[in-house]
Amino acid sequence: MLQPSTIATVKATAPVLAVHGYAIIQRFYQRLFEAQPELKNIFNMRHQERGEQQRALAAAVLAYATHIDNLSVLGPAVDRITHKHASLNVQPAQYAVVGEHLLAAIKEVLGDAATGDIVAAWAEAYQALADIMIGAEASLYDEAQRRPGGWRGWRNFVVRHKRMESEVITSFFLEPEDGRPIADFKPGQYISIVVDVPRLGLQQVRQYSLSDAPNGRNYRISVKREREGEPETAGYVSNLLHDYVNRGDVVRITPPFGPFHIDMEATSPVVLVSGGVGLTPLVSMLKAVLKNTDRDVVFVHGARNGAVHAMKDRIEAAAETNRRLTSIVFYDAPLPSDVLGYDYDHEGLVDLRRIAASAVKADADYYVCGPMPFMRAQVEALRALGVPDARVHYEVFGTDVFEE
Ligand code: FAD
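Residues numbered from 1 in each chain as written. Predicted model: local features only at pLDDT ≥ 70, side-chain atom pairs only at ≥ 80, totals over all residues. Heavy atoms only, no water.

Trainee: If you had to explain the sheet that holds strand β6 (residues 250-253) to someone new, which residues and values would you point to?
Mentor: Reading across the sheet, the six strands line up as β4-β3-β6-β1-β2-β5 and stay open at both edges, with antiparallel pairing between neighbours. Of all strands in the sheet, those bounded by a partner on one side alone are β4 (202-209) and β5 (219-224). Put simply, the sheet's adjacent strands are angled 40° from each other on average, direction ignored. Relative to β5, strand β2 (residues 169-176) runs antiparallel, the two being bridged by six bridges. The partner of Phe173 across the bridge, within β5, is Arg220. Relative to strand β3 (residues 190-197), helix α5 (residues 75-88) is tilted by about 50°, and along the sheet it contacts β3 and β4. (Pairing = 2+ DSSP bridges. Helix = DSSP H or I, 4+ residues; strand = E, 2+ residues; numbered from the N terminus. Axes fitted to C-alpha atoms, helices over the stretch in contact; angles between N-to-C directions. Contact = heavy atoms within 4.5 Å.)

Trainee: Residues and numbers for the pairing of strand β9 (residues 325-331), please.
Mentor: Counting buried positions along β9 yields five of seven residues, so the element is predominantly enclosed. Pairing geometry for strand β8 (residues 297-303) and β9, over seven bridges, is parallel. Note on β9: the bridge partner recorded for His301 is Val329. Relative to strand β10 (residues 346-347), β9 runs parallel, the two sharing two bridges. If you follow Tyr331 over to β10, its bridge partner there is Glu347. (Buried < 20%, exposed > 50% of the residue type's maximum accessible area, 1.4 Å probe, protein only.)

Trainee: If you had to explain the layout of surface pockets to someone new, which residues and values would you point to?
Mentor: The space that makes up the second largest pocket amounts to roughly 210 Å³. If you trace the second largest pocket, you find 14 residues lining it, with Glu316, Ser327, Val329, Asp343 and Asp345 closest to the centre. A per-element tally of the lining of the second largest pocket places helix α10 (residues 312-321) first, with five residues. (1 Å grid on protein atoms, 1.4 Å probe; cavity = no way out; pocket = protein on both sides within 12 Å on 5 of 7 lines; lining within 4 Å. Points joined across faces, edges and corners; volume = space filled by probe spheres on them.)

Trainee: Tell me about the pattern of salt bridges, residues and numbers included.
Mentor: Summed over the entire model, instances satisfying the criterion amount to 17 salt bridges. Residue Arg50 is joined to Glu52 by a salt bridge in which the shortest nitrogen-to-oxygen separation is 3.4 Å. Exposure remark for Arg50: the relative accessible area of 55% places this residue in the exposed category. Note that Arg155 and Asp178 form a salt bridge whose closest N and O atoms lie 3.0 Å from each other. With a gap of 23 residues between them, Arg155 in strand β1 (residues 155-164) and Asp178 in the loop between β2 and β3 connect regions that are remote in the sequence. (Salt bridge = Lys/Arg side-chain N within 4 Å of Asp/Glu carboxyl O.)

Trainee: Which residues make up the site of the ligand, and what are the values?
Mentor: Surveying the vicinity of the ligand reveals 23 residues, the closest of which are Arg50, Gln207, Tyr208, Thr233 and Ser238. Ser209 is positioned with one of its backbone polar atoms (N or O) 3.1 Å from a nitrogen atom of the ligand. At 2.8 Å, a backbone N or O of Lys224 approaches an oxygen atom of the ligand. At the level of secondary structure, the elements contributing two or more residues to the shell around the ligand comprise β4, β5 and α8 (236-244). Of the residues belonging to the shell around the ligand, the class tally is eight nonpolar, eight polar and seven charged. The residues that make up the shell around the ligand include at least three from each of domain 1 (4-146) and domain 2 (155-253). (Near = heavy atom within 4 Å. Polar contact = N/O pair within 3.5 Å; in protein donor to acceptor, adjacent residues only side chain to side chain. Nonpolar A, V, L, I, M, F, W, Y, C, P; charged D, E, K, R; others polar. Domains from an automatic or database assignment.)

Trainee: An account of the packing of aromatic side chains is requested, with residue identities and associated values reported.
Mentor: Two measures describe an aromatic ring pair: the distance that separates the ring centres and the angle between the ring planes. One pass over the full model with this rule turns up 12 aromatic pairs. With a centroid separation of 6.1 Å and 65° between ring planes, the pair formed by Tyr64 and Trp122 is classed as edge-to-face. Here the residue Tyr64 occupies a position in helix α4 (residues 52-66), and Trp122 occupies one in helix α7 (residues 116-146), the gap between them amounting to 58 residues. Clustering of aromatic rings is evident, with ring pairs tying together Phe28, Tyr29, Phe33 and Phe43. Here Arg46 stacks its cationic end above the ring of Tyr236, 3.9 Å away from the centre of that ring. One cation-aromatic arrangement involves Arg155 over Trp151; the distance from NZ or CZ to the ring centre is 4.8 Å. (Phe/Tyr/Trp six-rings, centres within 6.5 Å; stacked < 30°, edge-to-face > 60°. Lys NZ or Arg CZ within 6 Å of the ring centre and 35° of its normal.)

And the structure:
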């Protein structure tokens, strides 16, 4: 339990952090990587280059100071971050290193304004949060290991099959190299994969949602090649996976984690709303729900056109043979062949207001995944259509952001 005086002191630093938080975090990462360059293998160096990680951590520190007297507000964000840490195989000792450099950066950037009381209060507050997260991560590691077929940390998997799903998305079917069973997961969860990135002279870890329902044999991930713009801005890991990771190759992954998953016990209708590669966790949910429940499902998907629309034929075929599934497709830049083939239902960006009659159902649960602007639009539309926030669940494919 934090002392009331600690809570008051940390909360009083919120306005200063709002101004200097980014500078503190920038200095923190510089110090951290100078002292322990090997940590660059664990952190997403693209997020570092683009300042995304710095912004996310500065926002997290500010949110902690702001809500330190009512931490329940941060519950969902802490949950997302502890799952991400478990997926990255973060270890308790790493919290001490981070704490040391964070406090040093606060002192350096704030100078005399960082009085002894302030530094002591932040040290206590940091340790309290670290203890909560270390405890939560320990439970996640234990649970992942105890599950039948489960494990802890990195495990070798062989790429048994690689399949192009569209011009930009390729699926990898992964089986454990040791031939032993693999753990089931909750549809919607993801794994982390680590690869050597020669361009950086480092390893890099990325998360990929499992795109098939649990099947006891393999895990499937479906990866979009991120290659817009200049060659140097092409995604480090997705391009390596597309170009160099082939059938028979061995990759290392951590067990499935993630708080975004469908409740398989529920009986309510399910509405799955995806944009682009955001369909991956929702396809896993779709397959699991159709196979193991008798719930009605609406699968709404938005893509640019048929060339980049992954898994189109299989979802269409499932909708044709299953009366419980309604599939609704939006293309915002259809090709002439899409028009000729009647391959989509609506032209434009996904707009739930246009399909409210089929996609908005009393008591339905909504699962949304796609690029940030896409998700904002869907969450806003669902609110406007009267869907309670508690029914809307979403996954972010980028950095974790503490939301106010
Ligand atoms: P990075 O090198 O990390 O670059 C990220 C993006 O920034 C790229 O699009 C790159 O082109 C762009 N970029 C880089 N520099 C610049 C610049 N200067 N200006 C503008 N743009 C720039 N991805 C999937 O494909 N499938 C999934 O199922 C999936 N599931 C995920 C689940 C979770 C929980 C999370 C957190 C992420 C998921 N992702 C998924 C995203 C995935 O983890 C990677 O972030 C993605 O593959 C990009 O990684 P990369 O190393 O190729 O790109």
